[in-house]
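Letter by letter, the chains look like this.
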Amino acid sequence: MDKTTRMSALYACFVMLTMASATSLQDCEADMTGFELVTGYVFTAPDDLLDSIPGTLMLTDCLEACHANDTCGSVNYETGLCVLFSSNADAYPGALSKSQFPVFTIYAQKTCLGIKPCERAWCFDRVQGYKLKGFGKKKQAATSRQDCLELCLGEREFSCRSANYNNGTAECDMSDMDRLTVAGQGAFEPATGIDYLENNCVDEPVKLCEFKKFPGRILKTVDSVYQDVGSLEDCRELCLNSPYRCHSYDYGDTGELVCRLSHHSRATLADIQDPYLEVPEASTYELNSCYNISIECRSGDMVARIKTSKLFNGKIYAKGNPNSCVQDVRGSLDFELEMAYDDVECNVKQQGLGRYMNDVIIQHHDTIITSSDLGVAITCQYDLTNKTVSNEVDLGIQGDLKPAMTEEVIVDSPNVAMKITDRQGADVKPSAEVGDPLALRFEILDPNSPYEIFVRELVAMDGVDSSEIVLIDADGCPTDHFIMGPLYKSSDSGSGKILLSYFDAFKFPSSEVVQFRALVTPCMPTCEPVQCDQEDASGELRSVHSFGKRRRRRSTKSTSDARDDMLLVQSIQITDKFGFGAQQASPEMNPTDTTAFSIKHHDYNIDSLCVNLFGVIISCLVFLAVQVAVLIAWAYVWNKKRHVDKYHQQDGLSVSMSIPVGRTDSMCKLYDTGYAKRY
């Protein structure tokens, strides 16, 4: 077959393909029609031109015009111009060429899909000669590029965000990532003979989005131009709610109150030459990342689930406990943090009846917090107002009866309060001094509640969350009876609705705030105490009862098993008695009296006081004896010297001696003269 014959056959194939494509598009149902975009290319087919629509400022309007025209097979779009064609680039591959300078053109091809597409303006973006490397999830054989599109749209095992279609091997390599989720990782690269297909039908999080400002440039071609937009924030909202995946916008740079949107950003324009127009006073806002945060409120914990539009590397943690209540995340679009209500480390706060709150930090860096990080306050609200209790009553009816109605009633867990009181049970002030006799009181607020309670894992912590001590262990027993004793039923209640434990006020060195946290579990009909071994004053172990107990495994058929644990928190300010700082003066002192001061002291042991006093007396007596001896010696020397002087005066003698330095007998001559010895 000569060259002319081959060219004629090839042309005939193209004509047949074009006619088949046109026939299939005309017969295609409206909801099965979709569009595929190729950015930076223009389709040239003058003979197949259907219409030219100048002044078109919306890509969606251009696509809608083609969708409404049964004979339309493709369009060329630039901002302000829409051109419709009856043919497409699959029928005439040579008619599709690059158009990237001075402005880039967007080519859109109409397709009849075998799988119903989404309701967005177009289904896929195609980049010729490129691929996404290293993120393949699933490979399948595909007879054509459209077949690969449909495989990605119909994928159910994972969310197919993109696919690499190899035209030579007819292989479709699908991925759960795309150019935007892996932006900045260098995964998007040139590849001969491969078409990169990006799914525009995937759902992206849009609840909490961060845009970055890039000054000095705006896009040459955009997808939408809105006029009379009131503010930059309104333009941002238009982007987040657009009928396509909008990734950048600019405002007021091409006209007053003009907002322009585009599905492109730096991550999707790597293959386009000079896509931006340099304007010093202009700015483009590009979508950096978006987050959708959902909360699941379960019986014993709250779960914060985060979905992001860009691969996340970092950690998520409770604000007050970044090292103990934390989840490390490495290269994921979905992650979560579970915070149990009975987990002291996560510090879930209870505000009012059935309302639990916590602050969660989404941190991108492993060590420091940056401006890109997010803080989210999450809340779980439970309805605990229902106090109805169902009971079975025997009415003496014999035989089998079919129930007219079956009703299931839920009995809510009791409302339990933890208080710090004095030993008589009266409420105390929010502060105390070390050594003050106090009591920790757990009480069911509803006196008609069918529950009793027991307590376990009672922990005391300082105000800065750096030190803690376990007072009641996981078994419900006191760890040190010198600090806090066992829990017992109050004689006032006569039942397990009030539990008490006595202790003397104590504090931590680093803080004056002592926080008590305990896990309280309701039980029906009664709570059985636990046996604890406790050392008495003589050092012997004795068995005591404590109404703190490890939670038993639950049986689905038992009605007496415990309900979910409740976390109770109570704080008190404890001051020491060391007397550091004049500012901590007693409140009874006159604030205007500048000479007043307060001295706080410890109570000393009387035996130690007696021993110390005796030592002081002995020391004083020894000191006085030494002083008396010194005085006697001084008096003796003085009297002897006076007597010698008087003797010399009577004889008319004058004694003068020179003591040579370095002579060993100098001291002897000195004494021979009758000079008194020195003491």
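About the thresholds
Residues numbered from 1 in each chain as written. Predicted model: local features only at pLDDT ≥ 70, side-chain atom pairs only at ≥ 80, totals over all residues. Heavy atoms only, no water. Core = buried A, V, L, I, M, F, W, Y, C linked by side-chain atoms within 4.5 Å. Buried < 20%, exposed > 50% of the residue type's maximum accessible area, 1.4 Å probe, protein only. Contact = heavy atoms within 4.5 Å. Disulfide = S-S within 2.5 Å. Helix = DSSP H or I, 4+ residues; strand = E, 2+ residues; numbered from the N terminus. Polar contact = N/O pair within 3.5 Å; in protein donor to acceptor, adjacent residues only side chain to side chain. Patch = residues over 30% accessible without salt bridge, like charges linked within 9 Å, V, L, I, M, F, W, Y side chains within 5 Å. Areas by Shrake-Rupley, 256 points an atom, 1.4 Å probe, with all protein chains shown as cover. Salt bridge = Lys/Arg side-chain N within 4 Å of Asp/Glu carboxyl O.

A few words now on the nonpolar core. Core analysis: the biggest nonpolar cluster contains 30 residues, and L63, V75, W122, F211, C235, Y249 and L261 have the highest contact counts within it. Setting aside its immediate chain neighbours within four residues, Y249 contacts F211, L232, C235, R236, C239, R260, L261, S283, T284 and Y285. Core analysis: the second largest hydrophobic core is formed by 27 residues, L440, L471, A518 and I572 among them.

Before going further, it helps to spend a moment on the state of the cysteines. The final tally for this structure, using the stated rule, is 12 disulfides. Paired through a disulfide, C148 and C172 show a sulfur-sulfur distance of 2.0 Å. Taking the torsion about the S-S bond as the criterion, the C148 to C172 disulfide, at about 70 degrees, is right-handed. Of this pair, C148 sits in helix α3 (residues 145–153) while C172 sits in strand β11 (residues 171–175), and the two are 24 residues apart along the sequence. As far as burial versus exposure is concerned, C148 and C172 are alike and both buried. A disulfide bridge connects C325 with C346, and the sulfur atoms are separated by 2.0 Å.

Let us now look at the environment of T284. Along the polypeptide, T284 turns up in strand β17 (residues 276–297). Placed 73 residues apart in sequence, T284 and F211 show a C-alpha to C-alpha distance of 9.5 Å. In this view, T284 contacts K212, K213, F214, R217, I218, L219, S248, Y249 and D250; residues no more than four positions away in its chain are not counted. Among the polar contacts listed, one links the side chain of T284 to the backbone oxygen of R217, at a separation of 2.7 Å.

Quick look at a nonpolar patch on the surface now. A contiguous nonpolar surface patch, about 750 Å² in accessible area, is contributed by I617, I618, L621, V622, F623, L624, V626 and V630. Checked against the element boundaries, V630 lands in helix α5 (residues 606–651).

What is shown is where atoms sit, not what they do.
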